[in-house]
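This is what each chain is made of:
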Amino acid sequence: MLRSFIIFSLFLHSCVAAPKTPAAVAAVPAKKWLTLNGQEPGVVARGGFSGLFPESSASANAFAISTSSPGLTMLCNLQMTKDGVGICLPDIRLDNSTTISTLFPKAQKTYKVNGQDLKGWFALDYSADTIFSNVSLVQNIFSRPSIFDGQMPISAVEDVLGTKPPKFWLSVQYDSFYMEHKLSAAEYLKTLRFRGITFISSPEIAFLKSIGMDAGMSKTKLIFEFKDPEAIEPTTNKKYSEILLDLAAIKAFASGVLVPKDYIWPLDSANYLKPASTFVADAHKAGLEVYASGFANDLRTSFNYSYDPSAEYLQFVDNGQFSVDGFITDFPPTASQAISCLSHQQGNLPKANHALVITHNGASGDYPGCTDMAYQKAVNDGADVIDCSVQMSKDGIAFCHDSADLTASTTAMTTFMSRATSVPEIQPTNGIFSFDLTWAEIQSLKPQILSPFLTKGGFQRNPANKNAGKFMTLVDFLEFSKEKAVTGVLINIEAKCCLSSLKERSRNSRYSPVCDHQVHTRQATNPKSVDSVRRQFCSVQFRSCSSLHKSLDHRQGNRRCSQTIH
């Protein structure tokens, strides 16, 4: 496990471009950003690389710095101990991110926090010495790696500052709660003299106003954090949705705002993006920087992103309308790569070592595989080689489809259930096979997107387009690839024997099971040479049939194939 993790960490490191030399920087045109100041959006690592390590552990902070962009900002969520020491932990309750509940199983308490009763273990009930000497960190999101649980100590704020991150962000979530218990975040900050602190954020207006003068003297930016629109801000007793209506008033005590990403790109009930709000434009007009939170590679988000976290980052910085000024993320290398490598490419994404991008049934994660829309999306996304797995209809039409069995990838089950048969040479279960249906019957079906991780993981692919697109014949596929001038095509034929003869063979005992091997032919070729692809297909089709029909005349076989494709 550890070896795998080390290899993975090296991979992550290799994904992020090393800082460019001055000569290289001069050679690359500067990108134009739609941020408030026109500079590149910032990457803020929430507790370091908290997507892999326990939040704010020394390893999380070190890996975040080594695998991310040079201007990384390290974020620490401030909690306070009984004796006023600041520590970095994700929540006011310690039981979800530390081992404290196993060490002090009977020490649960209930406190009222922002009007709600919370039960758990709280930092203010323990001295710093007790916490540092006994309590260790665990991963607070259970779907993430737990191999480091109980192995890493809790970090004090000074510990993180001591690593000298490029920038440092201190998040103060619960100042009013700590003030009720005679602990002051403002006084604690004075002991630090604000040294090394680039940003301080809080959802409490009174706290930000109380440190405004000291922050100004130390050139620390103050960021007002918006919570859920219906939540109550403690100072004004107003909903955050009400405060949102007067952004100019926020400029009086803060230089920026932090909002959940849904404030900017809201989602509808089906988990698709709605049109962007005007929040970023309104905040920039008021002179406020905008930072968005809630980014992580392993959280489910809009289907618009097709489970690609880089696509989500680009939606916030490279949409042609606006750009946020920074992200707060659990996976800082991904955000760094999206900004440094993938933004402003206009579809011409960089490729390492001239690697070819070869599709699997087109863009089959976005649309049903082997359909016109899947192939078009693949071309739009910059695929070099598009592929076609060739199947045959009953009347001899060659077409692109992932499998001869149409049950999973089409709506054949609802229409042709009575045509289900058993072909053990292809698969152990019954199926509705393409060679039992005419091309007209196949065209009457709807394609169906495959979601291989739906049953075990619940990951559904693009439900709005689950039946979109049209089936393509091999001829249509070749003409499409020629028209789009892709680098090449991949023709994939897998046959145990001539599919159009399988049914006849199963009925006639004279045919022995001689087709116990598979013929695999994969040819990537320039689409301009369409004739060569046709000849290759005819050759393979004849060879796969010849083992079954040894008496078949060679010329007749080629003629049949030619008629099928042309």
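Along each chain, residues carry numbers from 1 onward, in the same order as the chain's sequence is written. The predicted origin of the model limits local features to residues at a pLDDT of at least 70 and limits the giving and counting of side-chain atom pairs to 80 or more, whereas totals for whole chains, interfaces and linings rest on all residues. Excluded from the side-chain calculations are hydrogens and water; all other atoms, namely the structure's heavy atoms, are used.

Participant: Looking at this model, I keep getting lost on a nonpolar patch on the surface. Mind explaining?
Facilitator: Taken together, the side chains of Y307, F453 and F459 make up a nonpolar region of the molecular surface, amounting to roughly 310 Å² of accessible area. We count a stretch as a helix when DSSP gives it H or I for four or more residues in a row; a strand needs E for two or more, and each element gets its number in order from the N terminus. One can find F459 in the loop between α19 (454-457) and α20 (474-484). Only residues whose relative accessible area exceeds 30% and that form no salt bridge enter a patch; like-charged residues are grouped when within 9 Å of one another, and nonpolar side chains (Val, Leu, Ile, Met, Phe, Trp, Tyr) when within 5 Å. Using the Shrake-Rupley algorithm and a 1.4 Å probe, accessible areas are obtained, with residue cover drawn only from the displayed protein chains. By convention in these notes, a salt bridge is any Lys or Arg side-chain nitrogen within 4 Å of a carboxyl oxygen on Asp or Glu.

Participant: I would appreciate a short explanation of the pattern of salt bridges in the present structure.
Facilitator: Should their charged atoms come close, side chains of opposite charge can pair. Across all of its chains, the model carries 15 salt bridges by this definition. For D117, the salt bridge goes to K112, with nearest N and O atoms at 3.1 Å. You can call D117 exposed: its relative accessible area is 53%. Close ionic contact of R419 with E441 constitutes a salt bridge, the shortest N to O distance being 3.1 Å. Of this pair, R419 sits in the loop between α17 (412-415) and α18 (439-443) while E441 is found in helix α18, placing the two residues 22 residues apart along the sequence. Since its relative accessible area comes to 21%, E441 is described here as partly exposed. Several salt bridges converge on common partners, so that one network encompasses R46, E55, R144, D298 and D330. A simple rule labels every residue: compare its accessible area, found with a 1.4 Å probe on the protein chains alone, to the largest value its type can have, and call it buried under 20%, exposed over 50%, or partly exposed in between.

Participant: Explain the state of the cysteines here, please?
Facilitator: Note: disulfide means a covalent bond formed between the sulfur atoms of two cysteine side chains. Here, the term disulfide refers to a pair of cysteine sulfur atoms separated by no more than 2.5 Å. The final tally for this structure, using the stated rule, is two disulfides. Sequence-ordered numbering of the bonded cysteines in the protein chain yields a pairing of 1-2, 3-4. Lacking any disulfide linkage, C370 is separated from the closest cysteine sulfur, that of C400, by 5.7 Å. With relative accessibility at 0%, the residue C370 sits in the buried group.

Participant: Before we go on, may I ask you to explain the packing of aromatic side chains in this structure?
Facilitator: The pairing test for Phe, Tyr and Trp rings, Trp by its six-membered ring, is centres within 6.5 Å, and the orientation test on the planes gives stacked under 30 degrees, edge-to-face over 60, and tilted for anything in between. Applying the stated criterion across every chain, the model contains 29 aromatic pairs. Arranged with centres 5.9 Å apart and planes meeting at 75°, the rings of F49 and F331 form a pair that is edge-to-face. A residue pair is termed long-range when its members are at least 10 positions apart, and F49 in the loop between β1 (42-46) and α3 (58-67) and F331 in the loop between β11 (326-329) and α15 (332-342) qualify at 282 residues. Take F331: its relative accessible area is 9%, and that puts it in the buried class. When the centroid spacing of 5.2 Å and the interplanar angle of 80° are considered together, the rings of W169 and Y291 count as edge-to-face. Placement of W169 in strand β6 (residues 167-171) and of Y291 in strand β10 (residues 289-295) is noted, with a sequence separation of 122 residues between them. Here W169 and Y291 have matching classes, each one buried.

Participant: I'm lost on the side chain of N77 in this one. Help?
Facilitator: Counting through the fold element by element, N77 comes out in strand β2 (residues 73-80). Within the local environment of N77, its side chain forms a polar contact with the side chain of E55, the two groups lying 3.1 Å apart. One polar contact links N77 to S171, side chain to side chain, over a distance of 3.1 Å. Any two residues having at least one pair of non-hydrogen atoms within 4.5 Å are treated as being in contact. The contact partners of N77, leaving out residues within four places of it in the chain, are R46, E55, I87, C88, L89, P90, S171 and Q173. Pairing of N or O atoms within 3.5 Å defines a polar contact, subject to two protein rules: one partner must be a possible hydrogen donor and the other a possible acceptor, and residues neighboring in sequence count only if both atoms are side-chain atoms.

Participant: Can you walk me through the pairing of strand β9 (residues 256-260) in this structure?
Facilitator: Along any regular strand the residues' side chains alternate between the sheet's two faces. When you tally the buried positions in β9, you get four out of five residues, the bulk of the element. For strand β8 (residues 221-225) and β9, the ladder comprises three bridges, and the chain directions are parallel. Of the residues in β9, the one forming a bridge with E225 is L258. Here, the term right-handed applies to a crossover whose path from the first strand over the helix to the second runs clockwise when the strands point away from the viewer. Crossover β9 to β10 through helix α13 (residues 279-285) is right-handed. At least two bridges found by DSSP between two strands is the condition for calling them paired.

Participant: How should the confidence of the model for the protein chain be read in this particular structure?
Facilitator: Note on scores: pLDDT gives the predictor's confidence for each residue, bounded by 0 and 100. Residue-level pLDDT values for the protein chain average 85, and 80% of them are 70 or greater. Low pLDDT, under 50, characterises residues 1-28; the predicted model gives this stretch 19 contacts beyond four residues in sequence or across chains. Between residues 496-524, whose pLDDT stays under 50, and residues either more than four places distant or in other chains, the model counts 63 contacts.

Participant: Mind showing me how you'd approach helix α14 (residues 309-317) here?
Facilitator: Working note: α-helix, 3.6 residues per turn, so residues spaced by three or four point in the same direction. Burial of α14 is extensive: seven of the nine residues sit out of reach of the surface. Of all the residues in α14, the buried ones are P309, S310, E312, Y313, L314, F316 and V317. On its buried side, α14 packs onto β10, β11 and α15. Capping of α14 at its N-terminal end is provided by D308; its side-chain oxygen lies 3.1 Å from the backbone amide nitrogen of S310.

Participant: Teacher, can you tell me more about the side chain of S97 here?
Facilitator: Tracing the sequence through the fold places S97 in the loop between β3 (86-88) and α4 (100-103). The class of S97 is buried, set by a relative accessible area of 4%. Once you skip the residues sitting within four places of it in the chain, S97 turns out to touch L89, P90, S136, L137, V138 and N140.

Participant: In this structure, what is going on with the pairing of strand β5 (residues 116-120)? I would like to understand it.
Facilitator: Sheet topology note: the strand β4 (residues 109-113)/β5 ladder contains five bridges and is antiparallel. Following the sheet pairing, V113 is matched in β5 by Q116. Turn length for the β4-β5 hairpin, with the two strands adjacent in sequence and antiparallel, is two residues, and the turn residue N114 shows positive phi of about 50°.

Participant: What should I look at first to understand the nonpolar core in this one?
Facilitator: In summary, soluble globular proteins display a tendency toward joint burial of nonpolar side chains. If you look at the biggest cluster of nonpolar residues, it comprises 93 residues, and the most contacted ones within it are V157, L170, I200, F224, F226, I250 and I264. Side-chain atoms within 4.5 Å are what join buried Ala, Val, Leu, Ile, Met, Phe, Trp, Tyr and Cys residues into a set we call a nonpolar core. Ranked by size, the runner-up nonpolar core spans 20 residues in total, among them A363, M392, I491 and I493.

Participant: Can you help me understand unusual backbone geometry in this one?
Facilitator: Across the chain, the bulk of peptide bonds are trans and the bulk of non-glycine residues have phi less than zero. The residue R193 is not glycine, and still its phi comes out positive at about 60°. Tracing the backbone shows R193 in the loop between α8 (185-192) and β7 (199-202). When its relative accessible area of 56% is taken as the criterion, R193 is described as exposed. Positive phi values are uncommon outside glycine, yet H344 reaches one of about 55°. Among the structural elements, H344 can be located in the loop between α15 and α16 (372-380).

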